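As a plain string of letters, each chain reads:
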Number of protein chains: 4
Amino acid sequence: MLRGLTTAGLGEITSNEEYIRSAAEFGFQAVDLNPLELIEELGQEKALALLESTGITIGSFSLDVDWRSTEENFRAGLEQLVRVAEAAAALNCKACCTYILPSTDLPAAPFMIAATRRLRLCADILGAYGISLGLEFVGSNHLRTQWANPFIWTMEDTLEWMEAINSRNVGLLLDSYHWYTNGLTTDDLLKLKPEQITHAHINDAKDLPIPELLDGDRLYPGEGVIDLAGFLESLVKIGYKGVVAQEVLAPGSGQTSQELLARSKAGFDKVFAPLGL
Amino acid sequence: MLRGLTTAGLGEITSNEEYIRSAAEFGFQAVDLNPLELIEELGQEKALALLESTGITIGSFSLDVDWRSTEENFRAGLEQLVRVAEAAAALNCKACCTYILPSTDLPAAPFMIAATRRLRLCADILGAYGISLGLEFVGSNHLRTQWANPFIWTMEDTLEWMEAINSRNVGLLLDSYHWYTNGLTTDDLLKLKPEQITHAHINDAKDLPIPELLDGDRLYPGEGVIDLAGFLESLVKIGYKGVVAQEVLAPGSGQTSQELLARSKAGFDKVFAPLGL
Amino acid sequence: MLRGLTTAGLGEITSNEEYIRSAAEFGFQAVDLNPLELIEELGQEKALALLESTGITIGSFSLDVDWRSTEENFRAGLEQLVRVAEAAAALNCKACCTYILPSTDLPAAPFMIAATRRLRLCADILGAYGISLGLEFVGSNHLRTQWANPFIWTMEDTLEWMEAINSRNVGLLLDSYHWYTNGLTTDDLLKLKPEQITHAHINDAKDLPIPELLDGDRLYPGEGVIDLAGFLESLVKIGYKGVVAQEVLAPGSGQTSQELLARSKAGFDKVFAPLGL
Amino acid sequence: MLRGLTTAGLGEITSNEEYIRSAAEFGFQAVDLNPLELIEELGQEKALALLESTGITIGSFSLDVDWRSTEENFRAGLEQLVRVAEAAAALNCKACCTYILPSTDLPAAPFMIAATRRLRLCADILGAYGISLGLEFVGSNHLRTQWANPFIWTMEDTLEWMEAINSRNVGLLLDSYHWYTNGLTTDDLLKLKPEQITHAHINDAKDLPIPELLDGDRLYPGEGVIDLAGFLESLVKIGYKGVVAQEVLAPGSGQTSQELLARSKAGFDKVFAPLGL
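Computed from a prediction, not measured in an experiment: that's the story for all the values here.

Quick word on the UniProt feature "domain: Xylose isomerase-like TIM barrel" (unreviewed entry) in chain A
For step 1, the next point in the chain: Under the UniProt annotation, the feature "domain: Xylose isomerase-like TIM barrel" (unreviewed entry) is placed at residues 21-252 of chain A.
For step 2, the next point in the chain: Along residues 21-252 of chain A, the helical share is 41% and the strand share 16%, with 22 Å between the first and last C-alpha atoms.

Structure, rendered in structure tokens:
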């Protein structure tokens, strides 16, 4: 498993280059970022050299295609998807991720129809570049009633959806926060096969009743109540060898980026310690 | 287009053989029935001979696989599906149909996931035998709130679903009653391509406000208010060459089977007259 | 059915605008051309206005993705495919076509694997824009041994391939020259369903033994020995309503473009005459 | 990884019950057998009890559907496929395997089309029962010219084929004999992900030039020249946790079944020893 970062929880990062260098400096092995942006900033050769010299892997990038609204919006993102997939392949990034909101103002069944068809096409395009599509189920209870109609939020439904989408390269983006807010246990993780996990996120939660935990109020790994050692140990046991990236969606802390990187490193050191990795 | 029957609206029919002979006698060209049952009753050779001598085609058979409840129930029907598909192929029947209830007690999005996956497998098995799967959208307004959660009932959503299922041999079962209760017009039919229609049903409706029309209270073709001539003309115009079968789901009429066949024939004569077929 | 043109057989056409105007002038209803090119030349608004004012439909455009060589070459064409599909959708063009060479220097089975996967992705991308992919089988006998290993050239194998590709929007590009050089008859056409035909080409053949007919030595419709009236009548009978476009791959004739358009018109008039369309 | 057996190389085994008990007695953890046959012999309850009491897992069963000849033969096996899949699911067997002959008397490209479509349907049926389909590439050089046309025999082509088949539950059956006769190395194994391997076979080869090694003349593990420790170590490294089953296709040895089981155990002890498992 690789220790990874997203920009969420790192404060102001002025460039992807700084992001990559800082990640390496604080002992991380992977960052989630947009590979096309990186190539546009540095050129492909320098981008590859930067990744190699720092030992940083690009863990995942966001699916920027709008698969949640109209057909027009969906189509409008496909050309860019091909371009970012090309860039990702050039930089050896193998995962692209998107999240599933637990409720929707659209009627649920027709929206599921459209979403299934659209995500299949995204997955199939990504597949031509050797890239997997990770689907992130979102457990935060308050989001289940944020919009008019319930959609899906459980790991089990997401696994089922992967079968309905029916592309070989679709897996989970497994986030410890959503695992926790869904009331799942390590036993649920131990039933997974490594190939079912495209990417993982790690975050911690406040000591509140689960229904009160807000999606945008997460803690740094090791600062909260989630059994992150159990989470990580389970991933190791089933043979997951990918990235585990922090994504601390939370109000600003007032700390500098360097302070937040140090804090993140301390959190990872703490929760990874029992693994003896 | 072939004039077809289902047993709905025909009263007591004592055997498939009687059903086929009566259909022919009253000028029909197709019947919906279970081809495996027919082979079990008569043997394949006699079944084929009966169809040939009467000039009757088997229009469609019902998908008996339970795709609406548990995975166990779904699996339990697959062996029989293979057997009936074999029988259908042996008797040159090319269509298998199922209907979509407009609401469900299951959560809508997860049910759509399961239904998509299950119907794809059914279609793929049928496809090995050259059989198409027809999906019948159900317009009857009262069924949209019959169960806890809305599912789908429009032609447009059903067409979209066909794309999400993604098998080449899935089309619509287009029923005039559901076309009417969805408030659709001939313009909506004229947008269809013939290959999008696997099978058609023809029924008439009482002269009531659409929201009050009950699914189990239909009229014989020509006895109600639906523009069935327009329905049929549109199908001819787009090039549909398949079966149009009556399916009068209604309380018992007290008439004999022979009387009901004669009544059905009269209805077809009336609504087909403007076509000059 | 619409009378259509390709540029093959028309001599020097200086622009797409001239091509469209000339087609209309000589009574044609459709042209095959690259819709992205047309938009780049005229802008989308003027392109649409030109098509509308001339009554010309864009019949089909060529699949420019290289699905026949390396994975790198294949990927390199995907971004452009999205762009041309967008342009096609904007101009109401519904078909994209590619041809299948009957032999290959690659080992046949592995090449079939790659081609199946690649054409599926092309079809799926096109499908997002409502465009079908037409596969043209090539009957010209000499091409079956032009390269080291036989591939496929029959209509039957191509129909089977459509099932293996398994996208809903893949059909045949049916060319009379390949129908003839495969030794097919009108009976073979009458077995087709209209949805199996994405696009049609019409060409004539010299009065030579079939094995001697060269792919690049075709005649204008009506100038050779193919039963084109039978070809067209069969398409009408099964309900095909799409474009039939001339594609005279032949050595230069020395005639001007205007002369060739007149000659093409005369050929169409001759072979369409028995249809009474 | 589980130590597994097939009946190949075990001489006369009189029943599945004896096979299972003997396997356990000699320290094996899995056997390849037909789960439907086992249920027909013992009943489901006793079959499950036997597996549980002996600690034996059913590693895999053979795909008995004939996907290599006519459509009729293919269809004729589908009902039985559903029945054996049901039995397999009832006995917790998760893999079904078939082998790919490296040459064929059918034209290669059309056969690849049919095989792709047929194996997809088999995989999809198996998938409904949580079972994966393993495809065994066959390296034995002499079989590449045994029939008229070359088909596929490399691991790389088989991996590509899995993508073309496009079902989520298709993987490799990786046999050390075919790995060796293809001239592959441990580096080739280290590039695999565990999910790409549905099942593994282990066999040894005589000390002959690779082109002279016959498919039906294999040795027991540890008795030949294949680097089986390297083979197994690579599987462990990439995280493969499934069965590795012996399948010694060879002329009769004259030894009793008990002697052959002891010989097999000795072979496994030898080649597994370096793993320290």
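Structural notes on the pattern of salt bridges
When the charged atoms of two side chains lie near each other, side chains of opposite charge can form a pair.
For step 1, the next point in the chain: Applying the stated criterion to the full structure yields 60 salt bridges over all chains.
For step 2, the next point in the chain: Among the ionic pairs, Glu163 of chain C bridges to Arg168 of chain B, the shortest N-O distance being 3.2 Å. Of the two residues, Glu163 of chain C is situated in helix H7 (residues 155-165) and Arg168 of chain B in the loop between helix H7 (155-165) and strand E9 (170-175); the pairing between them involves two chains.
For step 3, the next point in the chain: The class for Glu163 of chain C is partly exposed, based on a relative accessible area of 32%.

Brief notes about the side chain of Ser140 of chain A
Residue and element names in this part refer to chain A.
For step 1, the next point in the chain: With respect to the secondary-structure elements, Ser140 resides in the loop between strand E7 (132-137) and strand E8 (149-150).
For step 2, the next point in the chain: Assessed through its relative accessible area of 0%, Ser140 is described here as buried.
For step 3, the next point in the chain: Those residues within four positions of Ser140 in sequence are excluded, and the remaining contacts are Tyr177, His178, Thr181, Leu213 and Asp215.

Some words on the interface of chain A and chain B
For step 1, the next point in the chain: Each partner contributes to the interface: chain A provides 16 residues, whereas chain B provides 16 residues.
For step 2, the next point in the chain: Considering only the surface of chain A that becomes buried against chain B, Ala109, Ile113 and Arg120 of chain A emerge as the three largest contributors, covering 36% of it.
For step 3, the next point in the chain: The interface formed by chain A and chain B holds two salt bridges in total.
For step 4, the next point in the chain: A salt bridge links Arg117 of chain B to Glu160 of chain A, with the nearest nitrogen and oxygen atoms 2.8 Å apart.
For step 5, the next point in the chain: Counting every contact that joins chain A to chain B gives four residue pairs in polar contact (both at pLDDT 80 or more).

A closer look at the relation of the copies chain A and chain B
Put simply, the two copies of the chain differ by a rotation about an axis and a shift along that axis.
For step 1, the next point in the chain: Of the transformation superimposing chain A on chain B, the axial component is 0.0 Å and the angular component is 180°, with the fit at an RMSD of 0.0 Å. A rotation of that kind, with that shift, is consistent with a two-fold axis. The position closest to the rotation axis in chain A is occupied by the C-alpha of Ala109 of chain A, lying 2.6 Å away.
For step 2, the next point in the chain: Residue by residue, 100% of the interface of chain A is reproduced at the interface of chain B, so both copies engage with the same surface.

A word on the packing of helix H6 (residues 108-127) of chain C against H7 of chain C
All names here are of chain C.
For step 1, the next point in the chain: Axis separation between H6 and H7 bottoms out at 9 Å; the angle between their running directions is 65°. Comparing the axis directions of H6 and H7 gives the class roughly perpendicular. Relative to H7, H6 is oriented so that their crossing is right-handed. Side by side, H6 and H7 meet where Met112, Ala115, Thr116, Leu119 and Arg120 of the first sit next to Trp161, Ala164 and Ile165 of the second.

A short note on the sheet that holds strand E2 (residues 30-31) of chain D
Sheet strands line up and pair through hydrogen bonds in the backbone, either parallel or antiparallel.
Residue and element names in this part refer to chain D.
For step 1, the next point in the chain: The strand order across the open sheet formed by nine strands is E3-E2-E1-E11-E10-E9-E7-E5-E4, and the pairing between neighbours is parallel. Both outer strands of the open sheet, strand E3 (57-58) and strand E4 (61-62), are each paired with one neighbouring strand and no more.
For step 2, the next point in the chain: With four bridges joining them, strand E1 (residues 2-5) and strand E11 (residues 243-246) adopt parallel strand pairing. Residue pairing across strands places Leu5 opposite Gln246, the latter belonging to E11.
For step 3, the next point in the chain: Helix H11 (residues 257-272) rests against E1, strand E10 (197-202) and E11 of the sheet, and its axis sits at about 150° to E1.

Thoughts on the relation of the copies chain B and chain D
For step 1, the next point in the chain: Superposing chain B onto chain D takes a rotation of 180° plus a shift of 0.0 Å along the axis, which leaves an RMSD of 0.0 Å.
For step 2, the next point in the chain: Interface overlap between copies is the fraction of interface residues in one copy that are interface residues in the other; for chain B against chain D it reaches 93%, indicating a shared surface.

Points about the sheet that holds strand E2 (residues 30-31) of chain C
Residue and element names in this part refer to chain C.
For step 1, the next point in the chain: Within the open sheet, the nine strands sit side by side as E3-E2-E1-E11-E10-E9-E7-E5-E4. Their pairing is parallel. Of all strands in the sheet, those bounded by a partner on one side alone are strand E3 (57-58) and strand E4 (61-62).
For step 2, the next point in the chain: Summarising the sheet, strand E10 (residues 197-202) and strand E11 (residues 243-246) pair through three bridges and their orientation is parallel. The partner of Ala200 across the bridge, within E11, is Val244.

A word on the environment of Arg21 of chain C
All names here are of chain C.
For step 1, the next point in the chain: By secondary structure assignment, the location of Arg21 is in helix H1 (residues 16-25).
For step 2, the next point in the chain: Between the alpha carbons of Arg21 and Thr116 there is a distance of 38 Å; along the sequence they are 95 residues apart.
For step 3, the next point in the chain: For Arg21, the contacting residues outside a window of four places in its chain are Leu50 and Thr54.

Quick look at the interface of chain B and chain D
Interface size is commonly expressed as the accessible surface area that is lost when the partners come together.
For step 1, the next point in the chain: Contacts between chain B and chain D engage 15 residues on the former and 14 residues on the latter.
For step 2, the next point in the chain: Surface buried jointly by chain B and chain D totals about 1300 Å² across both partners, of which 58% is contributed by carbon and sulfur atoms.
For step 3, the next point in the chain: On the chain B side of the contact with chain D, Arg75, Glu79 and Ala128 of chain B bury the most area, a combined 41% of that side's loss.
For step 4, the next point in the chain: In this structure, the connection of chain B to chain D is made through two salt bridges.
For step 5, the next point in the chain: A salt bridge links Glu79 of chain B to Arg83 of chain D, with the nearest nitrogen and oxygen atoms 3.7 Å apart.
For step 6, the next point in the chain: The tally of links between chain B and chain D comes to four residue pairs in polar contact (both at pLDDT 80 or more).
For step 7, the next point in the chain: Grouping the amino acids of the side of chain B that touches chain D by side-chain chemistry returns eight nonpolar, one polar and six charged.

Considering H1 of chain C
All names here are of chain C.
For step 1, the next point in the chain: Buried within H1 are the following residues: Asn16, Tyr19, Ile20, Ser22 and Ala23. Along the axis of H1, the buried positions cluster into a sector of 170°, meaning they face one direction only.
For step 2, the next point in the chain: Elements that come into contact with the buried residues of H1 comprise strand E1 (2-5), E2, helix H2 (35-42), helix H3 (44-54) and helix H11 (257-272).
For step 3, the next point in the chain: Note on H1: the residue one or two positions beyond its end, Gly27, has a positive phi of about 85°.

Examining the packing of aromatic side chains
For step 1, the next point in the chain: By the definition in use, this model includes 28 aromatic pairs over all chains.
For step 2, the next point in the chain: Considering the side-chain rings of Phe268 of chain B and Phe272 of chain B, the 5.5 Å spacing of their centres and the 15° angle between planes classify their relative orientation as stacked. Linking Phe268 of chain B with Phe272 of chain B, this pair stays in helix H11 (residues 257-272), spanning four residues, or about one helical turn. Just as Phe268 of chain B is buried, Phe272 of chain B falls in that class too.
For step 3, the next point in the chain: A centroid spacing of 5.1 Å and a plane angle of 55° characterise the contact between Trp179 of chain C and Phe231 of chain C, whose relative ring orientation is tilted. Within this pair, whereas Trp179 of chain C is found in helix H8 (residues 176-181), its partner Phe231 of chain C is found in helix H10 (residues 228-238), the two being separated by 52 residues in sequence.
For step 4, the next point in the chain: Taking the relative accessible area as the measure of exposure, Phe231 of chain C reaches 0% and is therefore buried.

Examining the pairing of E11 of chain D
For step 1, the next point in the chain: Residues Val243 and Ala245 of chain D line one face of E11 of chain D and the alternating positions Val244 and Gln246 of chain D line the opposite face, and both faces are buried.
For step 2, the next point in the chain: The parallel pair E10 of chain D and E11 of chain D, bridged by helix H10 (residues 228-238) of chain D, forms a crossover whose chirality is right-handed.

Looking at the pairing of E7 of chain A
Every regular strand shows the same layout, with side chains that alternate between the two sheet faces.
All names here are of chain A.
For step 1, the next point in the chain: Summarising burial for E7: five of the six residues are buried, a large majority.
For step 2, the next point in the chain: Where strand E5 (residues 95-100) lies against E7, six bridges are found, and the strand directions are parallel. Residue pairing across strands places Ile100 opposite Phe137, the latter belonging to E7.
For step 3, the next point in the chain: As defined by bridge partners, E7 adjoins strand E9 (residues 170-175) across four bridges and the pair is classed as parallel. Within the sheet, the bridge partner assigned to Gly134 lies in E9 and is Gly171.

A few points about the confidence of the model for chain A
For step 1, the next point in the chain: This prediction gives chain A a mean pLDDT of 97; 100% of its residues lie at or above 70.
For step 2, the next point in the chain: With a pTM of 0.97, the predicted complex shows an ipTM of 0.96.

Basis of the calculations
Residues numbered from 1 in each chain as written. Chains lettered and ligands numbered in written order. Predicted model: local features only at pLDDT ≥ 70, side-chain atom pairs only at ≥ 80, totals over all residues. Heavy atoms only, no water. UniProt positions renumbered as here; feature names shortened; annotations may be inferred. Helix = DSSP H or I, 4+ residues; strand = E, 2+ residues; numbered from the N terminus. Salt bridge = Lys/Arg side-chain N within 4 Å of Asp/Glu carboxyl O. Buried < 20%, exposed > 50% of the residue type's maximum accessible area, 1.4 Å probe, protein only. Contact = heavy atoms within 4.5 Å. Buried area = accessible area lost by both parts, 1.4 Å probe. Polar contact = N/O pair within 3.5 Å; in protein donor to acceptor, adjacent residues only side chain to side chain. Least-squares fit on C-alpha atoms with pLDDT ≥ 70 in both. Axes fitted to C-alpha atoms, helices over the stretch in contact; angles between N-to-C directions. Parallel < 35°, antiparallel > 145°, perpendicular 65-115°, else oblique. Left-handed = near helix turned anticlockwise from the far one by under 90°. Pairing = 2+ DSSP bridges. Nonpolar A, V, L, I, M, F, W, Y, C, P; charged D, E, K, R; others polar. Arc of directions from axis to C-beta. Phe/Tyr/Trp six-rings, centres within 6.5 Å; stacked < 30°, edge-to-face > 60°. Right-handed = clockwise from strand over helix to strand, strands pointing away. pLDDT = per-residue confidence, 0-100.

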